[in-house]
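Next come the chains, spelled out residue by residue.
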Amino acid sequence: MAAKVSNFSDLVQRVAASCLLHPLGAGRNGEFAVNGARDEDDFSELELDEPEEEVREEEENGGGGGGIRVREEGSRKEVMEMEMAMWEVFDAVSAMKKAYTGLQKAHSPWDPEKMRAADVAVVGELRKLGVLRERFRRRCSSGGGRSGGGAVVGGMLREVVAPYEATVEELKKEVKAKEVEVDSLKEKLSSFVNGSNGNNAKKSRSISRRKVGCSQLQVVASPAPDLFVATMSQVKEASKSFTSLLLSLMRAAHWDIAAAVHSIEAATVTAITATSINTSSLVTTTQNGNAKYALQSYISSKMFQGFDHETFYMDGSLSSLLNPDQYRRDCFTQYRDMKAMDPAELLGILPTCQFGKFCSNKYLAIVHPKMEESLFGDLDQRRQVLDGNHPRSEFYSQFLGMAKAVWLLHLLAFSLDPTPSQFEATRGAEFHPHYMESVVKFPGVRVPPNQVVRFPVSPGFKLGNGSIIKARVYLVSRD
């Protein structure tokens, strides 16, 4: 009996140790069975009862383990799908960066074909990213739980709509500001019309011209002769400014001004024929201290050459004849778009546009290679212009200001119906005060008699409403 008790105590100790070391003892019951087999027959019932309990525990544990395996397989599948989605995102971002690099390269130098292809590529990659984003959102909304799906979708909708709502509010504010501006302009227009019908009509027109000439912010509804007159005044001022800079560069280089004018005319025989100016007249004028007018005459003849053609004869376009109404509207639209632009910034973006070609042609016609080399010591600016670029120098910037003024005047001329007719005084012609304006100031108000044109300085225009923009001339005595 004592032996049985000791064996029983030993059995209890082994079972307790096994349970402590192996809480889930399924699959390890062989040791317990073997130990039980070593006991005596008195404990056979205990040995038979234990396996049945262990079998039930195995069934319970086995069922739970299967659920864990299913969940583990599901989580692994989700991780794999997420990794695939991330790889797609990385590929799309890489392609987007490559497309954007191509877009930047197409900007400088400007290439319309490459620009168009790069733009299509960038838009395509953005659409791919948009598809991936929507796929991810749909997955989150479907897998985020039944109760929270509606909230997730609502949050996404709010996130998408919020930027558009802010944009709409900004546009509403801009519309209100434009309405206020339109009302103000209507009031100014009505006051101008009322004033022009009274005794102060001439004074009101002069005020209107000053406003058009000085204000870059005023909205111009349609082309008008007064606007053409104001723009012609800007051309005169820009021409004077460029001529003054040219003369200052000559004096800084210790030039003989008479020889400089002679060099310009000798290098451009075509200009002599076109303007009926000979070298001796220009030298005499220079010796009298009026070289600026001789240079203005030369520059003006070059800038206005081809003014009567819609593209300055840069191509054979006939749009003004084939569809005149549409062409007039297009010219005035270009005028309004370009009026407030900095010509240097515009040509930095579109160096080979029509205005860019106009500037290149006129610069090469005005500035002879010998002249540029004498002024600056090299032909760097000329090389840049020949390569289709536009220098950033002060001299070329001043030239661009004059070129822009002439280009705007040309756009306005082809916006008006009928187009203003250009005229120019010829050398030796008698002075006519109705069509000519002397650049030389005489004592008193009137020009003395027996004055004839030595050379024209700038052309004149006759507008459709009968207004005359006088041609500027340099006068000398007939005697």
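Chemist: How would you sum up the overall build of the protein? Please name residues and give values.
Modeler: Looking only at helices and strands, the protein has 18 helices and six strands in total. Here the contacts in the protein between residues at least 6 apart in sequence split such that 68% fall between residues at least 24 apart. Of the accessible surface of the protein, which amounts to about 29,500 Å², a share of 56% is contributed by carbon and sulfur atoms.

Chemist: Which residues make up unusual backbone geometry, and what values go with them?
Modeler: In this model, Asp 417 is joined to Pro 418 through a cis peptide bond whose omega is 5 degrees. In this fold, Pro 418 is placed in the loop between helix 18 (394-413) and strand 1 (421-423). You will see that Tyr 313, though not glycine, has its phi angle at about 60 degrees, which is positive. Tracing the chain through its elements places Tyr 313 in the loop between helix 11 (291-303) and helix 12 (319-322). Positive phi, normally seen in glycine, also occurs at Asn 450, with a value near 60 degrees. You can see Asn 450 is positioned in the loop between strand 2 (436-438) and strand 3 (451-458). The exposure class of Asn 450 is partly exposed, given its relative accessible area of 48%.

Chemist: Run through the sheet that holds strand 5 (residues 468-469), naming residues and quoting values.
Modeler: A sheet is described by the order of its strands in space; here three strands give the open sequence 1-4-5, paired in antiparallel fashion. Where the open sheet ends on each side, the last strands, each with one partner, are strand 1 and strand 5. Here two bridges tie strand 4 (residues 460-462) to strand 5, and the two strands are oriented antiparallel to one another. From the neighbouring strand, Lys 462 faces strand 5, where its bridge partner is Ile 468.

Chemist: Just give me the short version of the packing of helix 13 (residues 324-339) against helix 18, but keep the residues and values in it.
Modeler: Closest axis-to-axis distance for the helix 13/helix 18 pair is 8 Å, and the angle between their directions is 150 degrees. By the criterion of interaxial angle, the relationship of helix 13 to helix 18 is roughly antiparallel. Once helix 13 is placed against helix 18, the crossing between them reads as left-handed. Where helix 13 abuts helix 18, its residues Cys 331, Phe 332, Gln 334, Tyr 335, Met 338 and Lys 339 lie against Lys 404, Trp 407, Leu 408, Leu 411 and Leu 412.

Chemist: Talk me through the pattern of salt bridges; I want residue IDs and the actual numbers.
Modeler: Following the criterion strictly, the structure yields six salt bridges and no others. The partner of Glu 113 in a salt bridge is Arg 116, and the shortest N-O contact between them spans 3.2 Å. In this pair, Glu 113 and Arg 116 both sit in helix 4 (residues 112-143), three residues apart, roughly one turn of the helix. Residue Arg 116 is classed as partly exposed on the basis of its relative accessible area of 49%. For Glu 437, the salt bridge is made with Lys 236, and the minimal N-O distance between the two is 4.0 Å.

Chemist: Can you explain the packing of aromatic side chains? Please cite residues and give values.
Modeler: The geometry of an aromatic ring pair is captured by two quantities: the separation of the ring centres and the angle between the planes. For the coordinates displayed, the defined rule picks out 22 aromatic pairs. Look at Phe 312 and Phe 358: their rings are 4.6 Å apart centre to centre, the planes differ by 45 degrees, and that puts the pair in the tilted class. In this pair, Phe 312 is assigned in the loop between helix 11 and helix 12 and Phe 358 in helix 15 (residues 354-366), connecting sequence segments 46 residues apart. Per residue, the accessibility class of Phe 312 equals that of Phe 358, and both read buried. Arranged with centres 5.1 Å apart and planes meeting at 45 degrees, the rings of Phe 358 and Trp 407 form a pair that is tilted. Taken together, the positions of Phe 358 in helix 15 and Trp 407 in helix 18 put the pair 49 residues apart, joining distant regions of the chain. The class for Phe 358 is buried, based on a relative accessible area of 1%.

Chemist: How would you explain the pairing of strand 6 (residues 471-477) if you had to name every residue and give the values?
Modeler: With six of seven residues buried, strand 6 is to be regarded as a mostly interior element. Note: strand 2 against strand 6, three bridges, orientation parallel. Each residue of the ladder has a partner; that of Met 436, found in strand 6, is Ala 471.

Chemist: Tell me about a nonpolar patch on the surface, and please be specific about residues and values.
Modeler: Residues Met 82, Met 86, Trp 87, Phe 90 and Phe 136 make up a contiguous nonpolar surface patch of about 530 Å² in total accessible area. If one sorts the elements of the nonpolar patch by residue count, helix 3 (residues 44-107) sits on top with four residues. By the secondary structure assignment, Trp 87 is in helix 3.

Conventions we followed
Along each chain, residues carry numbers from 1 onward, in the same order as the chain's sequence is written. Per-residue local features are limited, in this predicted model, to residues with pLDDT of at least 70; the limit for side-chain atom pairs, both in listing and counting, is 80 or more; totals at the level of whole chains, interfaces and linings are taken over all residues. Calculation of side-chain values draws on the structure's entire complement of heavy atoms; hydrogens and water are dropped beforehand. Secondary structure elements follow DSSP: runs of H or I no shorter than four residues count as helices, runs of E no shorter than two count as strands, and numbering proceeds from the N terminus. We call two residues in contact whenever any of their non-hydrogen atoms come within 4.5 Å of each other. Computed with the Shrake-Rupley method and a 1.4 Å probe, the accessible areas treat only the protein chains shown as cover for residues. Note on exposure labels: buried denotes an accessible area under 20% of the residue type's maximum, exposed denotes more than 50%, and partly exposed covers the range between, all computed with a 1.4 Å probe on protein chains only. Criterion used throughout: strands pair if DSSP finds at least two bridges between them. The angle between two axes is taken between their N-to-C directions and runs from 0 to 180 degrees, where each axis is a line fitted to C-alpha atoms and a helix contributes only its stretch in contact. Angle categories are assigned with fixed cut-offs, so that under 35 degrees is roughly parallel, over 145 is roughly antiparallel, 65 to 115 is roughly perpendicular, and the rest are oblique. Left-handed describes a crossing in which the near helix is turned anticlockwise from the far one by less than a right angle; the clockwise case is right-handed. Criterion for a salt bridge: a side-chain nitrogen of Lys or Arg within 4 Å of a carboxyl oxygen of Asp or Glu. Aromatic pairing here means that ring centres of Phe, Tyr or Trp (its six-membered ring) are within 6.5 Å. Orientation follows from the plane angle: under 30 degrees is stacked, over 60 is edge-to-face, and everything else is tilted. Here the term patch refers to residues with relative accessible area over 30% and no salt bridge, with like charges joined within 9 Å and nonpolar side chains (Val, Leu, Ile, Met, Phe, Trp, Tyr) within 5 Å.

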